[in-house]
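Given next are the chains, with one letter for each unit.
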Amino acid sequence: MTIYLPIAELPVAIFSVFAMGLAVGFISGMFGVGGGFLMTPLLIFTGVPPTVAVASVSPYMAASSFSGALSYLRKGMVDLPLAGVLLIGGLVGTLAGVLLFLWLRIIGQVDLAIRLAYTVLLGTIGTMMLVESVRAIRRTRRGAAPVVRRPGTHAWFMRLPLKMRFRRSRIYVSAIPVVGIGFMIGLLGAVLGVGGGFILVPALIYLLRVPTTTSVGTSLVLTLVTMAAATVLHAEANGTVDAVLAFVLMIGGTMGAQFGARTGQTMRPENLRFLLGLLVLAVGLRVAVDLVRHPSDLYVLTTIEVRR
Amino acid sequence: MTPPVRAAAAGRRSGRMRGLWTAALAAASLALALPAGGAEPERDRLVVSISEPVVRITSTFSGASLVVFGVAEVAGADTAPDAAPPDIVVTVRGPQASYVAWRKSRVAGLWVNSDSRTFLDVPAFLSVQSNRPVEDMASPEVLRTEQIGLSRNVLLQRVGPDFADVVPTDSFRQAFLRIQGSEDLYEENPRGVTFLAPRVFRTEFDIPGRAPIGRYDVSVKLLRNGQVTAQSTEHFEIIKSGFEQNIAIFSQNDALLYGIAVAIGSLIIGFIGNFLFRRE
């Protein structure tokens, strides 16, 4: 059974799109990430034009992150001031990302830039998470006590001026690295069509030493705001938001996310981080293989304009 | 296969079947009407009918199949029974679109887009059907000037500062035809036109679901003795209708409002999802 997408202007198999929403929703619920880094490539693989895929994943992620953020808000696991400071950097980063995307399109290297960025980013973060989680798993196996947070050990970037206290996260750091992280997330989101949760959560945990649960909740709030804004921006600027596609993805996604969250809560945090690291690395490697392997067709065709 | 059997096989698309019968009836009446005109035609004539003048895209649309019926009137067929039989070429050209074709090459171990060629205002859909290979119908010069066949259809390209078509063996041009062909957007069938009677022909072509909406021109050419002796151009439209149309119009006319509506809708769905599965 197919459904015709009015903006993408092509028919897709409705159940496979629904299943994609379900599967990615499960993963995002389990790990507390938006899932854009999986969904966008999946949609492009299905034949949806990249511009429509990137734009229609935004409302999908707004829906799933809102659903998740509500749960974390109720449990008091969201650091709203931290989310606010991150957002300042995020909005500037989004603007810079849109301009960068335009420039890459002009020189025809969007494809390469996206693939390289995916490879480097996912490869590094995936490896870091794997190494860290394997260490943590070994420690628990040995029966050793988990490493206690030592408030004194601050990296150099946390001692920069403009210090702020984020009570909920129990950190006292300079606002500069926080805005910087937000900027990077905004930039990557605009160029790669990802919410950035899979980068933001580890960045908050490892760089700013925010507790894991608070990082996930705060990251969800940030994703919610940026993706809702991205939906409106994409609709206004490019007219590429496909409401039908987004709606089918959302239904699957919100259902999958609930099951994912339940599964995730039964697992040890370090095992969870290990699995997410594995997944992130696998996606990164997959993209890298395409970049290095001899392509089956040396030519690609992109549509610039259809006259009506 | 005869038309009724073909229509029955495609019966699940009832609209198509209805259109097909309308076209068949139209063609039959045309065939009857023509000789009734009295005098023998002095020049070759062509009468063409398309099964569906408007193809409507609804939410279940996954492509369409159209039938072209026609009557080829050959001048002096009655007085000279041994006159050359007519050849028919049907060319369907979709809305104009512009494309960039990129060629990858290896730079520092990575495959990157290195050269490009822009195709300007070329058909987004192109189907060429004939009753026999077009190369057997006429000389290369005639085929080229009449743009008969995929390899001879003019595809305007920007080559450096110039705008021109290139030789058919050009690698970019061939890649363009190959990729469009793999998407079922370009096709060529040298046996696509069948004669139901000595003068009545039909052909069928499939439009894939991803073909763009807009106006499609159907150009029919009658060739005899290596020359085009009659031609006829009809057209049909592919349009969105109902819900699909409303969404598309909304997103175009009130882009900002549409974006806000989708964003709010996604928040509502997120809220409902959270509410339904909330664990107390």
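Each remark here, short or long, concerns the structure printed above.
Residues numbered from 1 in each chain as written. Chains lettered and ligands numbered in written order. Predicted model: local features only at pLDDT ≥ 70, side-chain atom pairs only at ≥ 80, totals over all residues. Heavy atoms only, no water.

Draft legend 1. Broad picture of the overall build of chain A. Check the secondary structure of chain A and you find 10 helices and 5 strands. What you see for chain A is a C-alpha radius of gyration of 19 Å, in line with the 19 Å of a compact globule of 308 residues. Each principal axis of the C-alpha distribution contributes one length, and for chain A these read about 65 × 40 × 40 Å. Contacts in chain A between residues far apart in sequence, at least 24 positions, make up 74% of those at least 6 positions apart. Accessible surface for chain A amounts to roughly 13,900 Å². Of this, 70% is attributable to carbon and sulfur atoms. Within chain A, one finds 25 positive and 10 negative side-chain charges whose respective centroids are separated by 20 Å. (Helix = DSSP H or I, 4+ residues; strand = E, 2+ residues; numbered from the N terminus. Rg over C-alpha atoms; globule rule 2.2 N^0.38 Å. Contact = heavy atoms within 4.5 Å. Areas by Shrake-Rupley, 256 points an atom, 1.4 Å probe, with all protein chains shown as cover. Lys, Arg positive; Asp, Glu negative; His and termini not counted. Charge placed at Lys NZ, Arg CZ, Asp CG, Glu CD.)

Draft legend 2. Local environment of the nonpolar core. A:Phe37, A:Met39, A:Leu43, A:Leu86, A:Val178 and A:Phe198 are the most contacted members of the largest nonpolar core, which has 62 residues in total. The contacts of A:Phe198, once residues within four sequence positions are left out, are A:Val33, A:Phe37, A:Leu122, A:Ile125 and A:Val280. In terms of nonpolar packing, the next biggest core, distinct from the first, is built from 55 residues, B:Phe61, B:Val122, B:Leu222 and B:Leu223 among them. (Core = buried A, V, L, I, M, F, W, Y, C linked by side-chain atoms within 4.5 Å. Buried < 20%, exposed > 50% of the residue type's maximum accessible area, 1.4 Å probe, protein only.)

Draft legend 3. Local environment of the interface of chain B and chain A. Taken residue by residue, the interface counts 58 residues in chain B and 58 residues in chain A. With both chains or domains summed, chain B and chain A bury close to 5,200 Å², and 63% of this area falls on carbon and sulfur atoms. If you sort the residues of chain B by the area they bury against chain A, B:Trp102, B:Trp111 and B:Phe277 come out on top, with a joint share of 13%. Where B:Arg178 meets A:Asp297, a salt bridge forms, and the shortest distance between an N and an O atom there is 2.7 Å. The element contributing the most residues to the side of chain B that touches chain A is helix α6 (residues 255-276) of chain B, with 14 residues. (Buried area = accessible area lost by both parts, 1.4 Å probe. Salt bridge = Lys/Arg side-chain N within 4 Å of Asp/Glu carboxyl O.)

Draft legend 4. Quick peek at the pairing of strand β13 (residues 214-224) of chain B. Residues and elements named next belong to chain B. Counting buried residues in β13 gives 9 out of 11 residues, a clear majority hidden from the surface. Where strand β4 (residues 87-93) lies against β13, 7 bridges are found, and the strand directions are antiparallel. Its bridge partner being in β13, Val92 is matched across the sheet by Val218. The sheet contact formed by β13 and strand β14 (residues 227-240) spans 11 bridges and is antiparallel. Across the sheet, Lys221 pairs through a bridge with Gln231, a residue of β14. (Pairing = 2+ DSSP bridges.)

Draft legend 5. Focus on empty space enclosed by the protein. Summed over all chains, the structure comprises 1 cavity of 30 Å³ or more. Approximately 30 Å³ is the volume found for the largest cavity. In this structure, the largest cavity is lined by A:Asp111, A:Leu112, A:Arg115, A:Leu291, B:Lys104, B:Trp111, B:Val112 and B:Asn113. Within the residue set of the lining of the largest cavity, elements represented by two or more residues are α5 (110-142) of chain A together with β6 (110-123) of chain B. Here the residues of the lining of the largest cavity are counted per class, giving 4 nonpolar, 1 polar and 3 charged. (1 Å grid on protein atoms, 1.4 Å probe; cavity = no way out; pocket = protein on both sides within 12 Å on 5 of 7 lines; lining within 4 Å. Points joined across faces, edges and corners; volume = space filled by probe spheres on them. Nonpolar A, V, L, I, M, F, W, Y, C, P; charged D, E, K, R; others polar.)

Draft legend 6. Quick peek at the packing of aromatic side chains. All names here are of chain B. Evaluated as defined, the whole model comprises 11 aromatic pairs over all chains. Between Phe176 and Tyr186 the ring centres are 5.7 Å apart and the planes differ by 85 degrees, which places this aromatic pair in the edge-to-face class. Remark: Tyr186 occurs in strand β10 (residues 186-189) and Phe176 occurs in helix α4 (residues 171-182); sequence separation between them is 10 residues. Residue Phe176 is classed as buried on the basis of its relative accessible area, which comes to 0%. Tyr186 sits in the buried class, given a relative accessible area of 3%. For the ring pair Phe195 and Phe201, a centre distance of 6.1 Å and an interplane angle of 65 degrees mean the geometry is edge-to-face. Relative accessible area serves as the criterion here: at 0%, Phe201 is assigned to the buried category. (Phe/Tyr/Trp six-rings, centres within 6.5 Å; stacked < 30°, edge-to-face > 60°.)

Draft legend 7. The arrangement of the packing of helix α1 (residues 14-31) of chain A against helix α2 (residues 36-46) of chain A in detail. All names here are of chain A. Interaxial distance between α1 and α2 falls to 10 Å at its minimum, and their mutual angle equals 165 degrees. Here α1 is positioned roughly antiparallel relative to α2, judged by the angle of their axes. Note that α1 runs across α2; the crossing there is right-handed. Here Met20, Gly21, Val24 and Ile27 of α1 come into contact with α2, specifically with Leu38, Met39, Leu42, Leu43 and Thr46. Split into classes, the residues belonging to the contact of α1 with α2 amount to 7 nonpolar, 2 polar and no charged. (Axes fitted to C-alpha atoms, helices over the stretch in contact; angles between N-to-C directions. Parallel < 35°, antiparallel > 145°, perpendicular 65-115°, else oblique. Left-handed = near helix turned anticlockwise from the far one by under 90°.)

Draft legend 8. Expanded view of the environment of B:Gln147. Residue and element names in this part refer to chain B. Note on placement: Gln147 falls in the loop between α3 (140-145) and β8 (157-159). With a relative accessible area of 26%, Gln147 lands in the partly exposed category. Excluding its chain neighbours within four sequence positions, the residues that come into contact with Gln147 are Arg93, Arg152, Asn153 and Val154.

Draft legend 9. Here's a closer look at the packing of helix α4 (residues 80-106) of chain A against helix α8 (residues 212-237) of chain A. Residues and elements named next belong to chain A. Between α4 and α8, the least distance of the axes is 9 Å, while the angle of their chain directions is 45 degrees. What the angle tells us is that α4 and α8 run oblique. In this structure, α4 crosses over α8, and the sense of that crossing is right-handed. Seen from α4, the contacting residues are Leu80, Leu82, Ala83, Leu86 and Leu87; seen from α8, they are Thr218, Val221, Leu222, Val225 and Thr226.

Draft legend 10. Representation of the sheet that holds strand β5 (residues 299-306) of chain A in the model. Reading across from one edge, β5(A)-β5(B)-β6(B)-β8(B)-β9(B) is the order of the 5 strands in this open sheet, with antiparallel pairing throughout. The open sheet terminates on both sides in strands that have one partner only, identified here as β5 of chain A together with β9 (162-164) of chain B. The mean inter-strand angle of the sheet, taken between neighbouring strand axes irrespective of direction, is 35 degrees. Sheet topology places strand β5 (residues 96-107) of chain B next to β6(B); 11 bridges connect them, and they run antiparallel. Bridge pairing in β6(B) links B:Ala97 to B:Val122.

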